Amino acid sequence: MSEHESGQEKTEQPTPKRLREARKKGQVARSRELNTMLSLLAGAVGLLFLGDTMFTKLSLLVSDSLTLEPKQIREPAMMAATFADSFMTALWLMTPLFVLLIAAAFAGPLFVGGFAFSMKAVAFKLEKINPLKGLKRMFSMKSLVELLKAVAKFLVVAGVAAALLWSMLDSLLALGVEELSASLAHAAQLCGWAFVAISAALILIAAIDVPFQLFQHNKQLKMTKQEVKDELKESEGRPEVKGRVRQLQREMSQRRMMEEVPKADVVITNPTHFAVALKYDDTGNGAPIVVAKGCDHLAARIRQVAESNHITLFSAPPLARALYATTELNQEIPADLYLAVAQVLAYVYQLNNMVDGQAPEMPTDLPVPEGEWSKPVE
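Nothing here was measured: the structure is a model prediction, and the numbers come from that model.

(A) View of the overall build of the protein. Helix and strand content of the protein: 14 helices and 4 strands. Here the protein holds 378 residues, and 29% of them are scored as buried. Relative to all contacts within the protein whose residues are 6 or more apart in sequence, the contacts with residues 24 or more apart total 73%. When the accessible surface of the protein is totalled, it reaches about 25000 Å², and 63% of it is carbon and sulfur.

(B) Just the pairing of strand β1 (residues 266-269), in detail. Of the two faces of β1, the one lined by Val266 and Ile268 and the one lined by Val267 and Thr269 are each fully buried. Sheet analysis places β1 next to strand β2 (residues 274-279), joined by 4 bridges and oriented antiparallel. Counted as the bridge partner of isoleucine 268 is valine 276 from β2. Between β1 and β2, which pair antiparallel one after the other, the connecting turn spans 4 residues. As paired elements, β1 and strand β4 (residues 312-315) share 4 bridges and run parallel to each other. Considered in β4, the bridge of valine 266 is made with threonine 312.

(C) The packing of aromatic side chains, seen in detail. All chains considered together, the criterion is met by 2 aromatic pairs. Each ring, one from phenylalanine 274 and one from tyrosine 324, has its centre 4.9 Å from the other, and the planes form 55°; the classification is tilted. Residue phenylalanine 274 is found in strand β2, and its partner tyrosine 324 is found in helix α13 (residues 317-326); the two are separated by 50 residues along the sequence. By relative accessible area, which is 25% here, tyrosine 324 ends up partly exposed. Ring geometry for phenylalanine 314 and tyrosine 347: centres 5.7 Å apart, planes at 65°, overall edge-to-face.

(D) Broad picture of α13. Within the span of α13, buried status applies to Leu319, Ala320, Arg321, Ala322 and Leu323. Buried residues along α13 sit in contact with β1, β2 and α14 (338-352).

(E) Broad picture of the environment of serine 315. Looking at where serine 315 falls in the secondary structure, it is placed in strand β4. Considering only alpha carbons, one finds serine 315 and threonine 269, 46 residues apart in sequence, at a separation of 4.8 Å. Those residues in contact with serine 315 that sit more than four places away from it in its chain are Thr269, Asn270 and Pro271.

(F) Broad picture of α14. Helix length check: α14 (15 residues) gives 21 Å between terminal C-alpha atoms against 21 Å at 1.5 Å per residue, within 8%. Where α14 is concerned, the buried positions are Ala340, Val341, Val344, Leu345, Tyr347 and Val348. On an axial view of α14, the arc spanned by its buried residues comes to 160°, and they lie on one face. Along its buried surface, α14 packs onto β1, β2, β4 and α13.

(G) Looking closely at the sheet that holds strand β3 (residues 289-295). Ordered in space as β3-β2-β1-β4, the 4 strands form an open sheet in which the pairing is mixed. With partners counted over all chains shown, the strands left at the sheet margins are β3 and β4, one partner each. Within the sheet, the average angular offset between the axes of one strand and its neighbour, ignoring direction, is 20°. Here β2 pairs with β3 via 6 bridges, running antiparallel. Residue valine 276 lies in a different strand from β3, and its bridge partner there is lysine 293. Its contacts with the sheet place α13 against β1, β2, β3 and β4, and it is angled at close to 75° to β2. Along the sheet, α14 contacts β1, β2 and β4; its crossing angle with β4, the most-contacted strand, is approximately 140°.

(H) Representation of a nonpolar patch on the surface in the model. A cluster of nonpolar side chains, contributed by Phe87, Met88, Leu91, Phe98, Ile102, Phe106 and Leu110, occupies part of the molecular surface with about 720 Å² of accessible area. With respect to the helices and strands, phenylalanine 87 occurs in helix α4 (residues 76-112).

(I) Molecular detail of the nonpolar core. Core analysis: the biggest nonpolar cluster contains 23 residues, and Ile268, Leu278, Leu319 and Leu323 have the highest contact counts within it. Elements with a minimum of two residues in this core: β1, β2, α13 and α14. In terms of residue count, the dominant contributor to this core is α14 (6 residues). If we skip the residues at most four places from it in the chain, leucine 319 touches Ile268, Leu337, Ala340, Val341, Val344, Leu366 and Val368.

(J) Broad picture of the side chain of threonine 327. Structurally, the position occupied by threonine 327 is in the loop between α13 and α14. Given the relative accessible area of 1%, threonine 327 is considered buried. If we ignore the near neighbours within four places in the chain, the residues touching threonine 327 are Val290, Lys293, Glu332, Ile333 and Pro334.

(K) Focus on the environment of glutamate 33. You can see glutamate 33 is positioned in helix α2 (residues 32-66). Sequence separation of glutamate 33 and glycine 108 is 75 residues, and the distance between their C-alpha atoms is 9.1 Å. Excluding anything up to four places from it in sequence, glutamate 33 contacts Lys149, Lys153, Ile205, Ala206 and Asp209.

What counts and how
- Residues numbered from 1 in each chain as written.
- Predicted model: local features only at pLDDT ≥ 70, side-chain atom pairs only at ≥ 80, totals over all residues.
- Heavy atoms only, no water.
- Helix = DSSP H or I, 4+ residues; strand = E, 2+ residues; numbered from the N terminus.
- Buried < 20%, exposed > 50% of the residue type's maximum accessible area, 1.4 Å probe, protein only.
- Contact = heavy atoms within 4.5 Å.
- Areas by Shrake-Rupley, 256 points an atom, 1.4 Å probe, with all protein chains shown as cover.
- Pairing = 2+ DSSP bridges.
- Phe/Tyr/Trp six-rings, centres within 6.5 Å; stacked < 30°, edge-to-face > 60°.
- Expected span 1.5 Å × (residues − 1).
- Arc of directions from axis to C-beta.
- Axes fitted to C-alpha atoms, helices over the stretch in contact; angles between N-to-C directions.
- Patch = residues over 30% accessible without salt bridge, like charges linked within 9 Å, V, L, I, M, F, W, Y side chains within 5 Å.
- Salt bridge = Lys/Arg side-chain N within 4 Å of Asp/Glu carboxyl O.
- Core = buried A, V, L, I, M, F, W, Y, C linked by side-chain atoms within 4.5 Å.

Below is the structure:
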């Protein structure tokens, strides 16, 4: 079982984030045996089915290209143009085979690990030319596995080739008694099928190598329990960071709330434990809105800001507790508290608009419904 530097065993499957990061680094599963098998098999099949037509046209092209008129020989420009045309024609004739080989070269990586391009994978690293690292790779378990695969591949290919030679022995001996053109065509056919058979033999090697490479890749990306926990903390946010963010959010919210206190019409207090600032727009159709509220230390700050801006403080403990418990910031007060708040606002408006210096009578028996807030705070 592989171990992490901390000594913990890598027993956990890689998380989606770990897989994404590995792909960004170009670390994906790859099977060279599958790529080799597909390329050789595609080339063998392409030569078998396209080779006859391609070689016939290429032989005619070579014959025509080497049959030059005296004028072409004496004119270097004409000779260069002739060979350029011949080269482009030959390239066009071999294009189907090239396309087949390119498709096979891309099919292997796409089949195993999918398309992945990363500059980090091709970036220069000193450790790649470190002799000690090189020796370590040469005598590693991975190198041993690669050696065993090479030996197995040699034995499989050699065994298939020997079986083919033995099965085609009569046909090969018969080539000596055939006419030259027929013998060459027959020999090309035998070589083509032999190439296909030997390439197909690599399917066995690829069938073993692909699951092994997938297993090895998954093993390299496995994580310890601690790594999984750390990643979960990072994705959800570390507790201390989340706490600090919440603290900053509360401070920003409180600052915005304090900026609204000077715009309030009245601050209803407990008088010490709670403070709720209300604002009423007499031109609108809505009920009064709570623009700030707080308890204990925050309530003291609200009262202090209100006094600094000459906002009326009205002591009504049951009403203050009810407003604090039932209404959130920037929300209208509940309908059950309309009458009590209306009496307070009427008193505040009369107090602010005194003309003869005689203060209005302060309402004392406010109609506040019963609730949890009815219990006095010690």
